[in-house]
Amino acid sequence: MQTDFLVIGSGIAGLTYALKVAEKCPDKKVTIITKTTADETNTKYAQGGIAVVNDLENDSYDKHIEDTLISGDGLCNEQVVEIVVTEGPERVDEIIAWGTDFDKNAEGDYKRGKEGGHSENRIMHHKDVTGKEIERALLKAIENAPNIELLNHCFVVDIITQHHLGYLVTKSTTNIESFGVYVLNLRSNQIEKILAKITLLATGGNGQAYRTTTNPAIATGDGVAMFYRAKGKVENMEFIQFHPTALFEPGNRGHAFLITEAVRGDGGILRNIHGEAFMERYDTRKDLAPRDIVARAIDSEMKRNGTEHVFLDCRHFDRENFVEHFPNIYSKCLSIGIDITQQMIPVAPAAHYSCGGIKTDEWGRTSIQHLYACGECASTGLHGANRLASNSLLEALVFAHRCFIDATNTINNLHLNEQIPDWNAQGTSEPREMILITQSLKEVQMVMSDYVGIVRNDIRLQRAIRRLDLLFEETQQLYQSSTVSPQLLELRNLITVGYLVVKGATLRKESRGLHYNTDYPEKSNLVQNIIL
Ligand code: FAD
Ligand code: SIN
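Notes on the structure in this doc start here. Along each chain, the written sequence defines residue order, and numbers are assigned to residues from 1. Each chain takes a letter, starting from A, and each ligand takes a number, starting from 1, following the order in which they are written. In keeping with the model being predicted, local features are shown solely for residues with a pLDDT of at least 70 and side-chain atom pairs are shown and tallied solely at 80 or more, while totals for entire chains, interfaces and linings include all residues. Side-chain measures were taken over the full set of non-hydrogen atoms in the model, leaving aside hydrogen atoms and water.

## Details of the site of ligand 2
Okay, so step 1: Here, proximity means that at least one heavy atom of the residue falls within 4 Å of the molecule or strand. Taken together, Q47, G48, E115, H243, L258, T260, E261, R291, H352, R387, A389 and S390 make up all the residues around ligand 2.
Okay, so step 2: Within the contact set of ligand 2, an oxygen atom lies 2.8 Å away from a backbone nitrogen or oxygen of G48.
Okay, so step 3: About the coverage of ligand 2: the protein hides 92% of its 250 Å² of free accessible area.
Okay, so step 4: When residues are sorted by character, Ala, Val, Leu, Ile, Met, Phe, Trp, Tyr, Cys and Pro go into the nonpolar class, Asp, Glu, Lys and Arg into the charged class, and all the rest, Gly among them, into the polar class. Across the shell around ligand 2, the residue classes tally to 2 nonpolar, 6 polar and 4 charged. Here a polar contact is recorded for every N or O atom pair within 3.5 Å, except that within protein the pair must consist of a potential hydrogen donor and a potential acceptor, and residues adjacent in sequence are included only if both atoms are side-chain atoms. Per-residue accessibility takes into account occlusion by the displayed protein chains alone, with areas from the Shrake-Rupley method and a 1.4 Å probe.

Shown next as structure tokens:
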């Protein structure tokens, strides 16, 4: 298959970019591929909303910039922060024009919620299902774009570069080019090649590297892993954000239902097992301190009291108001026997967001030519060491636009490379036992959760790297001898992502933002991005 613009991923980043390039270049073909169904994305699960300054009477760009920089703990790229905050409002207007419905009050003004680390109410939302509403509106808009083709159930295996033409490509090769991708078509079970003039990686996050995560099953860090295999540069992978308040359900260790931070924004109070509102002992901003601080405080309370969770107290809320703003959370809690006005909600931190990723410049360009990245898989410099709540949907919109500008400026000078060989599956056969793959996946998640969680130290990191090395070796052998399956590909990618997180964590000899190492509890004077 051949296309002009190839978009890998159908979340907010991929869809908004695709809509824009398709409109600007009606004679060009735009192909979006997604590994399951189009709406199964991290985007769909976003709850709290999108942080944006569009009420200049009560808020200011400077305040949003300041909040982002404070949360990022000294590691944000200030130019990028300014770009995202100031260009954000126009981008949000665009998704409204594409049909996204944000909640309004009786006077017809947008409702604006508050979340941790924000000095003002600036989170636009659609009840507690903002991402679902955005995804719905964007997929609807895609249906009306005649030059966009959307291919579900196509799993991208690898990025095609000069390496596939027989050239030696290493981390020091300066002119690596992307010619397209190899894709496992899950309907035919064949690996096909898709040649593209320009490719965008919008593959989302990697929460599945951990045992408990708010992320859906698709979040296996595929984009980052394949980009790293293609010898591209990734950075700051050690900054894994744990959301402080995922619903704790005994016996459920996998996907954790999120209790949005907006609940604390509306007055929810964290209490330990003894009923104490403990956050005031940790930070003057209490329950609305930035996420790294709240998650660490909860972790510390759980360890101190030997419990698996703390509580979020909403008993003082007016039921009608709660149901109005958080209908999804209300009914989820009720479904497991918790009436939020009578009982406290058991919550615990869960892996939530990857702040690092594929290193890009301010136009979303990566270290590989004709290959852009945006959304959660990218590291633009916005988040620094800890993402400010609800800044990620905004970042995806702003950078999708910037990738679109740069890509459409260059597309006419580019040609397809017709020399690319077909995928070679010779010598491989069906894996004899799937248990080898599923068991290794559990091991990766265990290693990452037990040794590379909210609090780290050198001994744990060394253990993690040794275990991941072994898993890598075993999986590589399996990969070379087996026909590929999504399970095997995801395992391979999660091991790579795990390795990158541990490697970054090992090289960062300090505690900053989300990376807390008890062997180096202080922030270093040397402010550096860790590039791998
Ligand atoms: P995604 O939306 O995750 O899309 C990834 C796409 O890539 C999918 O289509 C997937 O199929 C595709 N893909 C991945 N690998 C492959 C492959 N190998 N081959 C083919 N396709 C592939 N952020 C906020 O700003 N505000 C919030 O309120 C908020 N709430 C959140 C709540 C939850 C529960 C979660 C999990 C996240 C939340 N976030 C929030 C974070 C935010 O939702 C994500 O960072 C953002 O949606 C990521 O968008 P994306 O387009 O980069 O990727
Ligand atoms: C939430 O709603 O608490 C999640 C917001 C985010 O991850 O930005």
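Once you've had a look at it, read on.
## Considering the pattern of salt bridges
Okay, so step 1: A pair is scored as a salt bridge if a Lys or Arg side-chain nitrogen falls within 4 Å of a carboxyl oxygen belonging to Asp or Glu. A full pass over the atoms with the stated rule returns 40 salt bridges.
Okay, so step 2: Here E120 makes a salt bridge to K63, at a shortest N to O gap of 2.6 Å. One end of the pair, E120, is in the loop between β4 (112–113) and β5 (123–124); the other, K63, is in helix α3 (residues 61–71), and 57 residues separate them in sequence.
Okay, so step 3: Here R122 makes a salt bridge to D67, at a shortest N to O gap of 2.8 Å. Taken together, the residues span a long stretch of sequence, with R122 in the loop between β4 and β5 and D67 in helix α3 at a distance of 55 residues.
Okay, so step 4: When accessible area is computed with a 1.4 Å probe and restricted to protein chains, residues below 20% of their type maximum are described as buried, those above 50% as exposed, and intermediate ones as partly exposed. The buried category is assigned to R122, whose relative accessible area is 0%. In this text, helices come from DSSP runs of H or I with a minimum length of four residues, and strands from runs of E with a minimum of two, each type numbered from the N-terminal end.

## Details of the sheet that holds strand β10 (residues 234–235)
Okay, so step 1: Here, strands pair whenever DSSP counts at least two bridges between them. Spatially, 3 strands are ordered β10-β15-β17 in an open sheet, and the strand pairing comes out mixed. Looking at strand neighbours, the two that pair on one side only are β10 and β17 (378–379), the edges of this open sheet.
Okay, so step 2: By the convention used here, residues are in contact when the closest approach between their heavy atoms is within 4.5 Å. Only the stretch in contact is used when fitting a helix axis, every axis being a line fitted to C-alpha atoms; angles between N-to-C directions are given from 0 to 180 degrees. Packed onto the sheet, helix α6 (residues 222–229) meets β10 and β15 (357–359) and runs at close to 45° relative to β15.

## Concerning a negative patch on the surface
Okay, so step 1: The grouping of E443, D469, E473 and E474 at the surface amounts to a negative patch.
Okay, so step 2: Counting residues per element, the negative patch draws most heavily on helix α13 (residues 458–481), at 3 residues.
Okay, so step 3: If you trace the backbone, D469 turns up in helix α13.
Okay, so step 4: The partly exposed category is assigned to D469, whose relative accessible area is 41%. Two joining distances apply to patches: 9 Å for like charges and 5 Å for nonpolar side chains (Val, Leu, Ile, Met, Phe, Trp, Tyr), and every residue must have over 30% relative accessible area and no salt bridge. In summary, the charge assignment counts Lys and Arg as positive and Asp and Glu as negative, without counting His or the chain termini. All charge positions are set by atom: Lys at NZ, Arg at CZ, Asp at CG, Glu at CD.

## Brief notes about unusual backbone geometry
Okay, so step 1: Located in the positive-phi region is D73, a residue other than glycine, with phi close to 55°.
Okay, so step 2: Accessibility expressed as a relative area gives 18% for D73, which makes it buried.

## Let's talk about the state of the cysteines
Okay, so step 1: Two cysteine sulfurs form a disulfide in these notes if their separation is within 2.5 Å. All told, the structure shown has 0 disulfides when counted by the stated rule.
Okay, so step 2: Cysteine C314 remains unbridged, with the sulfur of C333 as its closest cysteine sulfur at 7.9 Å.
Okay, so step 3: Its relative accessible area of 0% is what places C314 among the buried residues.

## Focus on the sheet that holds β5
Okay, so step 1: Taken together, 3 strands build an open sheet; the order of strands is β3-β5-β4 and the sheet is antiparallel. Every other strand in the sheet has two partners, leaving β3 (50–51) and β4 as the edge strands with one partner each.
Okay, so step 2: Pairing analysis gives 2 bridges linking β3 to β5, with the strands arranged antiparallel. What sits directly across from I50, in β5, is M124.

## So, the pairing of strand β2 (residues 30–33)
Okay, so step 1: In β2, alternate side chains face the same way, and those of V30 and I32 on one face and T31 and I33 on the other are all buried.
Okay, so step 2: With 4 bridges joining them, β2 and strand β6 (residues 148–151) adopt parallel strand pairing. Note that in β6 the partner of I33 across the bridge is L151.

## Remarks on the packing of aromatic side chains
Okay, so step 1: Under the pairing criterion, centres of Phe, Tyr and Trp rings, with the six-membered ring standing for Trp, must be within 6.5 Å; the plane angle then separates stacked pairs below 30 degrees from edge-to-face pairs above 60, leaving the rest tilted. Applying the stated criterion to the full structure yields 6 aromatic pairs.
Okay, so step 2: Plain terms: the ring middles of Y210 and F242 are 5.3 Å apart, the flat faces sit at 85° to each other, and that makes the pair edge-to-face. Taken together, the positions of Y210 in the loop between β9 (190–201) and α6 and F242 in strand β11 (residues 240–247) put the pair 32 residues apart, joining distant regions of the chain.
Okay, so step 3: By relative accessible area, which is 2% here, Y210 ends up buried.
Okay, so step 4: The buried category is assigned to F242, whose relative accessible area is 9%.
Okay, so step 5: Each ring, one from F322 and one from F326, has its centre 5.1 Å from the other, and the planes form 55°; the classification is tilted. The burial state of F322 is the same as that of F326; both residues are buried.
Okay, so step 6: Within the aromatic cluster, the residues linked to one another by ring pairs are F317, F322, F326 and Y330.
Okay, so step 7: In this arrangement the basic side chain of R402 is found over the ring face of W363, its NZ or CZ atom lying 4.2 Å from the centre.
Okay, so step 8: Here the guanidinium or amino end of R492 rests over the ring plane of Y479, the centre of that ring lying 3.7 Å away. For a ring to carry a charge above it, either NZ of a lysine or CZ of an arginine must fall within 6 Å of the ring centroid while also lying within 35 degrees of the normal to the ring plane.

## Quick notes on the pairing of strand β1 (residues 2–8)
Okay, so step 1: The element β1 is extensively covered by neighbouring structure, given that 6 of its 7 residues are classed as buried.
Okay, so step 2: Of the pairings in the sheet, the one linking β1 to β9 comprises 6 bridges and is parallel in character. Looking at β9, one finds that L6 is bridged to T199.
Okay, so step 3: Sheet topology note: the β1/β2 ladder contains 4 bridges and is parallel. When the sheet's bridge partners are listed, I8 is paired in β2 with I33.
Okay, so step 4: Place the viewer so that the strands point away; then a crossover is right-handed whenever the path from the first strand over the helix to the second strand goes clockwise. Note on the crossover from β1 through helix α1 (residues 12–24) to β2: the handedness is right-handed.

## Digging into α13
Okay, so step 1: End to end, α13 covers 35 Å across 24 residues, agreeing with the expected 34 Å (1.5 Å per residue, within 8%).
Okay, so step 2: Here α13 has its buried residues at D458, L461, A464, L468, L471, T475, L478 and Y479.
Okay, so step 3: Summarising the contacts, the buried residues of α13 are in contact with β7 (154–160), α12 (435–451), β18 (455–456), α14 (486–507) and β19 (516–517).
Okay, so step 4: The distance from a side-chain oxygen at the start of α13 to the backbone nitrogen of I459 is 3.2 Å, and the residue carrying that oxygen is N457. Every helix has an expected span of 1.5 Å times one less than the residues it contains.

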